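One-letter residues, chain by chain:
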Amino acid sequence: MVLKLEHVTKRFGNFIAVDDLSLVIPEKEMFGFLGANGAGKTTTFRMILGLLDTSGGKITWDGNPIDYSTSHLVGYLPEERGLYPKLKVRDQIVYLARLRGMQKSQALTELKSWLVRFKIPEYENKKVEELSKGNQQKIQFIAAVVHKPKLLILDEPFSGLDPVNVEMLKEAVLSLKEEGATIVFSSHRMEHVEEMCEHLCILHKGSPVVHGSLKEIKRSFGKKNLVIHADFPLDFLKNYPGVVRSKPTMEGIHLQIEGEYIAEKILKEIVNQGFIRKFALEEPSLNDIFIEKVGDSYE
Amino acid sequence: MNNFWIILFHTYLNKLKTKSFIITTLLTVVIVLVLTNLTNIIDVFDKNNGKENVAVLDETGQLFDSFKKQVSTINKDINLTLFQGSEAAAEKAIEKGTYQGIVLLGLNDEKLPLATYKAKSIADSSLYTDLQTSLQQVKTMLAASQIQLTPVQLEKLYEPVSFKKIALEKNAKTEEELNQARGLVYVLLFIIYFSVIMYANMIAMEVATEKSSRVMEILISSVSPIKQMFAKIIGIGLLSLTQLAVFLSVGYFSLKQNMESLNEGFFGVYGFSDIPLGTIIYAIVFFILGYFLYATLAAFLGSLVSRIEDVQQMITPMTMLVVAGFMIAMFGLGKPDAPFITVTSFIPFFTPMIMFLRVGMLTIPVWEAMVGIAILVATIVFLATFGARVYRGGVLMYGQSNSFKDIKKALQLTKNE
């Protein structure tokens, strides 16, 4: 059950939304899609789901294209949240689950256990429009996973949620992965992807700029982060050879350096200048990689 | 169960349960009941059992009898009484409600009758018109006798001319049949017109609601848009049939109860007692086809808007088409064989109403009706395939979308470049 994208391209008129994207997403993996707004994440998802035809290339899951015959195996949480505002949570989920090939009774049992899990069992008979936005999002999430999909596509699953709910949803996603679902999700919050995904792809204006496993990406990136807190001025490090960029902080300075050896050199340089509270060499964050690859234009 | 049926029944049952649907249905049932029981209701409110008492103050002392005779031939329900007393007393009696009004009869210089009618209000025009007509006849008789015409001569003068109408075409409808057909066609045209506007609107709203609430994207990821569109159209179609069945059965039974009282009035003229089966079948066929035509159009127009507020704007041109068809049909009721009507009956958007008008009112060859139906079916198939493609792209399109350029954009979305 490998999801394969081979040289996928999508054009809208003259505009190229996705350009020659090739990916392999292994079974039971969590795969992260990163990209600024308009990078082509949603378009890619829509093509994977078969909502949009590709202009070129091929998308297969277990060797076959995804279409309506496999829809009961696929779960989708769209970026734009949407439920019937006037329908009760229960009717809503049952309807959507039945469209995914589930029996009504089965859907109800699943719904109840999910509602308990999200600590909102009392909302079963409420209309969606009466719920808060965060709770609506939980319901939306339930709608996407209630039929136990083998392939789950989550478009910005955590946007607009408070930290408590983000944690709750993250746990749910991770447990689904444990149960054997292949999960593809997009985010523009680097830390979510960094925390959860083994593999990821950074899209920029439709083309993949980085693609691979998180560790490899970090390793091949080469650059490291260096955090120094000290009692004496560190400004001179800004122009130190091997320092790619720097950011002064209240207590010291954050540096991005070309490699570990630079850190060694810097340490030797400053060790005699005064008291050093902190000297830490860190792996680059995904955020650093993203900014490096996509450009400073991204805030 | 197949997804198609799930959507169909979901649409049907959900709409059936909405408050607005139940209220509209109940209100319309009440209106139907009132209309079919109109004569009974009027009778209930009429204290004098339908009789109208009018006092006559005859200053001449000779006109009352002939006037009364004339009035009774025109309207049996007007009860004339010779009033003995002054005008003021009569006015008091009117105020008390004993009489509806009073007629003061007199003679003018030429010894011909003249009258003044006094009543609380002169809003009841039928009453004084009847009185006036009667007095007119009394005057004619008096004038005739003044110029020494014998009653025989007078009768000759007023005898209506013999005027027969014969249709040469074979199977042409007789005058009576035509009146009957006209009434029936009129009612059915109204039903087609209202249902098409109402239910097409409902479909456009339904699609737009799903789109604006963004639930559409989940839906189309589990069920193909084409399946969805038709499940919705048929679901709402079932709804319309349910509603019509309620109206028609209520109307039918209520009418049957009152058949006797109604046969004399409007319904006697427009004979609903024996409706030709053929007309009914055509009505059903054209109703269903008309519904599908406009429903498909509405569904794909609805798929183009992203906000509910824009729905009305988007389907206005469609509504205009229905209204135009209805207007033409109304004109055609009086002149069903006009060439203009013949031509428009083959234009698909007008066919449901106008071809039905023609089959109902005229005796047209069967093939003409069949050609009309064939054109209609072909248009529906075309609109459905085209509409389904637009729908597929349209439901993914958001933003400022209320122009017909969007049709092109929607088609482009589904295109395999």
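Rules used in this analysis
- By convention here, each chain's residues receive numbers from 1 onward along its written sequence.
- Working convention: letters from A go to chains and numbers from 1 go to ligands, in the order in which they are written.
- Local features in a predicted model are, by the rule used here, given only for residues with pLDDT of at least 70; side-chain atom pairs are given and counted only at 80 or more, and totals for whole chains, interfaces and linings are based on all residues.
- The secondary structure listing takes helices from DSSP runs of H or I that are at least 4 residues long and strands from runs of E that are at least 2 residues long, numbered from the N terminus.
- Any residue whose C-beta has 12 or fewer other C-beta atoms within 10 Å is treated as exposed, any with 20 or more as buried, and any in between as partly exposed, C-beta atoms being built from the backbone.
- Residues are defined as contacting one another if the C-beta atoms placed from their backbone atoms lie within 7 Å.
- One less than the number of residues in a helix, times 1.5 Å, gives the span that helix is expected to have.
- Fitting one axis to the seven residues ending at a residue and another to the seven starting there, the bend at that residue is the angle between the two axes.
- Seen with its strands pointing away from the viewer, a crossover is right-handed if its path from the first strand over the helix to the second goes clockwise.
- Only buried residues count toward a nonpolar core: Ala, Val, Leu, Ile, Met, Phe, Trp, Tyr and Cys, linked into one set through C-beta atoms within 7 Å.
- What counts as an axis is a line fitted to C-alpha atoms, over the stretch in contact for a helix, and the angles between N-to-C directions run from 0 to 180 degrees.
- Put simply, angles under 35 degrees are roughly parallel, angles over 145 are roughly antiparallel, angles from 65 to 115 are roughly perpendicular, and the rest are oblique.
- The sense of a crossing depends on the near helix, which, turned anticlockwise from the far helix by less than a right angle, makes the crossing left-handed and, turned clockwise, makes it right-handed.
- For this classification, the nonpolar set comprises Ala, Val, Leu, Ile, Met, Phe, Trp, Tyr, Cys and Pro, the charged set comprises Asp, Glu, Lys and Arg, and every other residue, Gly included, is treated as polar.
- At least two bridges found by DSSP between two strands are what make those strands a pair.
- Each domain's extent is set by a domain assignment, obtained either automatically or from a database.

1. A few points about the overall build of chain B
Then, in step 1: Check the secondary structure of chain B and you find 18 helices and four strands.
Then, in step 2: Evaluated residue by residue, chain B yields a buried proportion of 34% over its 417 residues.
Then, in step 3: Across chain B, every contact between residues at least 6 apart in sequence was considered, and the portion connecting residues at least 24 apart equals 77%.

2. A word on the overall build of chain A
Then, in step 1: Broken down by element type, chain A carries nine helices and 13 strands.
Then, in step 2: Viewed in the frame of its principal axes, chain A has a C-alpha envelope of about 75 × 45 × 35 Å.
Then, in step 3: Long-range pairs, those at least 24 residues apart, make up 69% of the contacts in chain A with a sequence separation of at least 6.

3. Points about helix α14 (residues 309-334) of chain B
Since there are 3.6 residues in each turn of an α-helix, residues three or four apart along the chain are aligned in direction.
All names here are of chain B.
Then, in step 1: Counted at 1.5 Å a residue, the expected span for α14 with its 26 residues is 38 Å, and the 39 Å between its end C-alpha atoms agrees.
Then, in step 2: Considering bend angle alone, the principal kink of α14 is centred on threonine 316 and spans about 45°; proline proline 317 follows within four residues of it.
Then, in step 3: Burial in α14 covers these residues: Val311, Met314, Ile315, Met318, Val322, Gly325, Phe326, Ala329 and Gly332.

4. So, the pairing of strand β1 (residues 52-58) of chain B
Then, in step 1: Within β1(B), five of the seven residues are buried, which leaves it mostly tucked inside the rest of the structure.
Then, in step 2: Once you follow β1(B) into helix α4 (residues 64-74) of chain B and on to strand β2 (residues 78-82) of chain B, the crossover reads as right-handed.

5. Some details on the nonpolar core
Residues and elements named next belong to chain B.
Then, in step 1: Counting residues in each nonpolar core, the largest one holds 139 residues, and the members touching the most others are Ile203, Ala295 and Ala298.
Then, in step 2: Discounting residues that sit within four places of it in the chain, isoleucine 203 has contacts with Lys232, Ile233, Ile236, Ala295, Ala298, Ala299 and Gly302.
Then, in step 3: Core analysis: the second largest hydrophobic core is formed by 18 residues, Ala55, Leu57, Phe67 and Ala90 among them.

6. Some thoughts on the packing of helix α13 (residues 277-302) of chain B against helix α17 (residues 366-394) of chain B
All names here are of chain B.
Then, in step 1: Put simply, α13 and α17 touch, their axes get as near as 8 Å, and they point 25° apart. On the basis of their axis angle, the class for α13 and α17 is roughly parallel. Between α13 and α17 lies a crossing of left-handed hand. Residues Val285, Leu289, Phe292, Leu293, Thr296, Leu297, Ala299 and Phe300 of α13 form the contact with α17, whose own contacting residues are Ile373, Leu376, Val377, Thr379, Ile380, Leu383, Ala384, Gly387, Val390, Tyr391 and Gly394.
Then, in step 2: Tallied by class, residues from the contact of α13 with α17 come to 15 nonpolar, four polar and no charged.

7. Let's talk about the sheet that holds strand β5 (residues 74-77) of chain A
All names here are of chain A.
Then, in step 1: Taking strand neighbours across the sheet as the criterion, the six strands line up as β5-β6-β7-β3-β8-β9 in an open arrangement whose pairing is mixed. At either end of the open sheet lies a strand with only one pairing partner, and these are β5 and β9 (207-213). This sheet shows a mean twist of 15° between the axes of neighbouring strands, independent of strand direction.
Then, in step 2: Inspection of the sheet shows strand β8 (residues 199-204) paired to β9 by six bridges, in the antiparallel sense. Across the sheet, residue histidine 199 finds its bridge partner in β9, namely serine 213.
Then, in step 3: Strand contacts of helix α7 (residues 214-221): β8 and β9, with the helix running at about 110° to β9, the strand carrying the most contacts.
Then, in step 4: Against the sheet, helix α9 (residues 286-294) engages β3 (30-35), β8 and β9, with an angle of about 35° to β8.

8. Quick notes on the interface of chain A and chain B
Then, in step 1: Contacts between chain A and chain B engage 24 residues on the former and 19 residues on the latter.
Then, in step 2: Broken down by secondary-structure element, the contributors of at least two residues to the side of chain A that touches chain B are β1 (3-12) and α2 (89-99) of chain A.
Then, in step 3: Broken down by class, the residue content of the side of chain A that touches chain B amounts to 14 nonpolar, four polar and six charged.

9. Describing the pairing of β2(B)
Then, in step 1: Examined bridge by bridge, β1(B) and β2(B) share five bridges and lie parallel to one another. Directly across from Val56(B), in β2(B), lies its bridge partner Leu82(B).

10. Considering the domain arrangement of chain A
Then, in step 1: According to the domain assignment, chain A contains domain 1 (3-218) and domain 2 (223-283).
Then, in step 2: One C-alpha centre belongs to domain 1 of chain A, the other to domain 2 of chain A; they are set 41 Å apart.

11. A word on the sheet that holds strand β3 (residues 101-107) of chain B
All names here are of chain B.
Then, in step 1: Spatially, the four strands line up as an open sheet ordered β2-β1-β3-β4, and their pairing is mixed. At either margin of the open sheet sits one strand with a lone partner, and together these are β2 and β4 (113-119). Taking each pair of neighbouring strands and ignoring which way they run, the sheet shows an average axis angle of 25°.
Then, in step 2: Judged from the seven bridges that link them, β3 and β4 form a sheet pairing that is antiparallel. Among the inter-strand pairings, leucine 104 is bridged to a residue of β4, identified as threonine 116.
Then, in step 3: Of the strands in this sheet, β1, β2, β3 and β4 touch helix α6 (residues 125-146), which is tilted by about 170° from β4.

12. A few points about the environment of Ser303(B)
Residue and element names in this part refer to chain B.
Then, in step 1: Positionally, serine 303 belongs in the loop between α13 and α14.
Then, in step 2: When the 32 C-beta atoms within 10 Å are taken as the criterion, serine 303 is described as buried.
Then, in step 3: The spacing of serine 303 and glycine 394 is 91 residues in sequence and 5.2 Å in space, taken between C-alpha atoms.

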